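Listed below are the residues making up each chain.
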Amino acid sequence: MRYRRAVERLRMLAEACDQTKRVPAAEPFLREAYVFGDLVEGADPIDAIEAVFVLNLPPEEVTWGSQPPGTAWLVDFLRLDRGGIAYSWRSFRDPAWNHVIRGPVRFWSLEGPEKAVLDALAERRFDVLRRVTAGAEEERVQMAGELEAALEHLRAVHRSYWDRKWRREHRGLGRYPEHHLWEAVQGYLDLLDARGE
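Below, the structure is looked at part by part. (Residues numbered from 1 in each chain as written. Predicted model: local features only at pLDDT ≥ 70, side-chain atom pairs only at ≥ 80, totals over all residues. Heavy atoms only, no water.)

In this structure, F53, F107 and L121 are the most contacted members of the largest nonpolar core, which totals 36 residues. Only helix 1 (3-19), strand 1 (30-36), helix 2 (38-41), strand 2 (49-55), helix 3 (72-77), strand 3 (85-91), strand 4 (105-109) and helix 4 (115-122) provide two or more residues apiece to this core. Leave out the neighbours within four places in its chain, and F53 touches L13, C17, L30, E32, A33, L78, L80, Y87, S88, W89 and R90. (Core = buried A, V, L, I, M, F, W, Y, C linked by side-chain atoms within 4.5 Å. Buried < 20%, exposed > 50% of the residue type's maximum accessible area, 1.4 Å probe, protein only. Helix = DSSP H or I, 4+ residues; strand = E, 2+ residues; numbered from the N terminus. Contact = heavy atoms within 4.5 Å.)

Spelled out as structure tokens, the structure:
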């Protein structure tokens, strides 16, 4: 997709994120949205908008590579499954960055779309973007915690995999228990490989 089209699509995504605040809930499910990768580097064309969505869920429910509970409606609402957007989830208690998500830039929060960011991207003023980064030690500590959480998630899915009730709860909207098992394995191995083991 051409760069200009990608920025327009990001604007529409920011507006859609803002509409999620209308969903009645004690606390908003979606809290922030970031963009990273080729779009914030100015590549043209780009394969996909790389985005990360920060959810109002604890880290143990948002392990790397998983589809956390309650995200199916958000994928549909934000049209993330229509192609052109590569997305990831993060817990609001974890940083937006990780070993894949490098230098993310927030384009939406509960206050609304980040107009200055969207305008800077449209004008290709990449030097004014506030990227979220971490030092080497902070990254190492975060990686260790995420790896531990991913292993616990993998073990939990493995333990429950043949349980009829669990399988029933993890089926629907085009998803099956096999998806959850594959994502748990893939997320854990990805983190393990990133740590260099």
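Further remarks concern the packing of helix 1 against helix 4. Two numbers describe how helix 1 lies on helix 4: the axes approach to 10 Å, and their chain directions differ by 170 degrees. Our classification of the angle between helix 1 and helix 4 gives roughly antiparallel. Contacts between helix 1 and helix 4 involve Y3, V7, L10, R11 and A14 from the former and L118, D119, L121 and A122 from the latter. Of the residues belonging to the contact of helix 1 with helix 4, the class tally is seven nonpolar, no polar and two charged. (Axes fitted to C-alpha atoms, helices over the stretch in contact; angles between N-to-C directions. Parallel < 35°, antiparallel > 145°, perpendicular 65-115°, else oblique. Nonpolar A, V, L, I, M, F, W, Y, C, P; charged D, E, K, R; others polar.)

Taken together, the five strands give an open sheet; going across it, the order is 3-2-1-4-5, and neighbouring strands pair in mixed fashion. At either margin of the open sheet sits one strand with a lone partner, and together these are strand 3 and strand 5 (112-113). When strand 4 meets strand 5, the two strands line up antiparallel, connected through two bridges. Within strand 5, the residue paired with W108 across the bridge is P113. Here helix 4 sits on the sheet and contacts strand 1, strand 4 and strand 5; the angle it forms with strand 4, its principal contact strand, is near 135 degrees. (Pairing = 2+ DSSP bridges.)

Overall, the coordinates contain one cavity of 30 Å³ or more when judged by the stated rule. What the largest cavity holds in volume is close to 50 Å³. Considering the residues around the largest cavity, the lining is formed by W97, N98, H99, E139, Q142, M143, E146 and L191. With four residues, helix 5 (residues 136-160) is the largest single contributor of residues to the lining of the largest cavity. (1 Å grid on protein atoms, 1.4 Å probe; cavity = no way out; pocket = protein on both sides within 12 Å on 5 of 7 lines; lining within 4 Å. Points joined across faces, edges and corners; volume = space filled by probe spheres on them.)

Let us now look at unusual backbone geometry. Here D44 and P45 are connected by a cis peptide whose omega angle stands at 0 degrees. Even without being a glycine, R79 presents a positive backbone phi close to 60 degrees. Here R79 lies in the loop between helix 3 and strand 3. Owing to a relative accessible area of 53%, R79 belongs among the exposed residues under this scheme.

Taken by themselves, the reported measurements are silent on function.
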